[in-house]
Amino acid sequence: MSAEPLVEPMMQQDPIDLLSAIEEASATPIRPEYVEGTVIVPPYPDDNHNDGAGELYFQLRAAGVRLVGFGNGYRAAHKDGSTMSLFAPDFYVRRRRPSELDESYRRAHKGWYPVDMLALVGEVTSSNHWADTGPKFRSYAAAGITVYVLINRETKTAHCYTAPVLPGGDPTKAYYDTETKVDLGAPLPLPAPYPTLDTAPFLES
């Protein structure tokens, strides 16, 4: 989901420890994320956001995409092993169920699974669409996630991005080379083996 910035870039503390401290200090359940050196905290989504994201989840499931899910957090690392990004997409498709190695990784990184488990990520924008269209767009591409589905309720458009590119190994310059864009309400084609998604639920109030 879209997110509000919480702090300016902070490199003094390990991002995982920083996010854990924020979760523990919060009076309500939250799952902060870390992209491009900045911690962001998701705002509470409205019903249209949650209902629409749920519809896309069920469309994928109904099409036989068994490993679609939501709620897990994933970690992408730099080449030196340090944390590049920590994110929890609105929905996603995994390449595999968590193995014992994946679960060991999650325990070692305080609740974050390895990003190579993900084949597709999806976001639905909320009160601040900039995070999903900017930092998270680049972070997903930098992590090599093959497909990024974005429902931009600000512009009333739906996007399917494919073919991630990482120029010169710089995550802040990563992008997707291919984009399919439709107006909300129109079918959004996804690459095989995924179905075409019906985006009409996002037009309902």
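Just above, that's the structure.
The residue numbers shown here count from 1 along each chain, following its written sequence. Where totals are concerned, whole chains, interfaces and linings use all residues; where local detail is concerned, this predicted model gives features only for residues with pLDDT of at least 70, and gives and counts side-chain atom pairs only at 80 or more. Side-chain metrics in this entry use all non-hydrogen atoms of the structure; hydrogen atoms and water are not considered.

**Some details on the nonpolar core**
- The biggest cluster of nonpolar side chains holds 23 residues, and the ones touching the most others in it are Leu-60, Leu-120, Val-149, Leu-188, Leu-190 and Tyr-194.
- If you list the elements that add at least two residues to this core, you get helix 2 (47–62), strand 7 (91–94), strand 9 (118–124), strand 10 (147–152) and strand 11 (157–165).
- Considering each element in turn, this core owes the most residues, four residues, to helix 2.
- Should any heavy atoms of two residues lie within 4.5 Å, those residues are considered in contact. Ignoring any residue separated from it by four or fewer positions in sequence, one finds Leu-60 in contact with Val-65, Val-68, Phe-91, Val-93, Leu-190, Pro-195 and Leu-197. What makes a nonpolar core is a set of buried Ala, Val, Leu, Ile, Met, Phe, Trp, Tyr and Cys residues whose side-chain atoms join them at distances within 4.5 Å. Each residue gets one of three labels from its accessible area relative to the maximum for its type: buried under 20%, exposed over 50%, partly exposed in between, using a 1.4 Å probe on protein chains only. Counting from the N terminus, the helices are DSSP H or I runs at least four residues long and the strands are E runs at least two residues long.

**Quick look at the packing of aromatic side chains**
- The criterion for an aromatic pair is that two Phe, Tyr or Trp rings (for Trp, the six-membered ring) have centres within 6.5 Å, with stacked assigned to planes under 30 degrees apart, edge-to-face to planes over 60 apart and tilted to the rest. Across all of its chains, the model carries 12 aromatic pairs by this definition.
- Between Tyr-148 and Tyr-176, the aromatic rings sit 6.3 Å apart at their centres with planes inclined by 40°, giving tilted as the arrangement. A residue pair is termed long-range when its members are at least 10 positions apart, and Tyr-148 in strand 10 and Tyr-176 in strand 12 (residues 175–183) qualify at 28 residues.
- Exposure remark for Tyr-176: the relative accessible area of 6% places this residue in the buried category.

**Focus on the sheet that holds strand 9**
- Any two strands between which DSSP finds at least two bridges are classified as paired. With respect to topology, six strands assemble into an open sheet ordered 4-7-9-10-11-12, the strand pairing being mixed. The open sheet has two edge strands with one neighbour each: strand 4 (68–69) and strand 12.
- Pairing of strand 4 with strand 7 involves two bridges; the strand directions are antiparallel. Looking at strand 7, one finds that Val-68 is bridged to Val-93.
- Orientation is described by lines fitted to C-alpha atoms, with helices fitted over the stretch in contact, and by angles between N-to-C directions that extend from 0 to 180 degrees. Set on the sheet, helix 5 (residues 135–142) makes contact with strand 9, strand 10, strand 11 and strand 12; between it and strand 12 the angle comes to about 130°.

**Some remarks on unusual backbone geometry**
- Of note, the amide linkage connecting Ala-192 to Pro-193 takes the cis form, showing an omega dihedral of 10°.
- Of note, Pro-193 is situated in the loop between strand 13 (187–188) and strand 14 (197–198).
- With a phi close to 55°, Lys-156 is a non-glycine residue in the positive phi region.
- Of note, Lys-156 is situated in the loop between strand 10 and strand 11.
- Despite not being glycine, Ala-163 has its phi angle at roughly 60°, a positive value.
- On the secondary structure map, Ala-163 appears in strand 11.
- The class of Ala-163 is partly exposed, set by a relative accessible area of 34%.

**Some thoughts on the environment of Pro-45**
- Position of Pro-45 among the secondary structure elements: in the loop between strand 3 (38–41) and helix 2.
- Sequence separation of Pro-45 and Thr-125 is 80 residues, and the distance between their C-alpha atoms is 8.9 Å.

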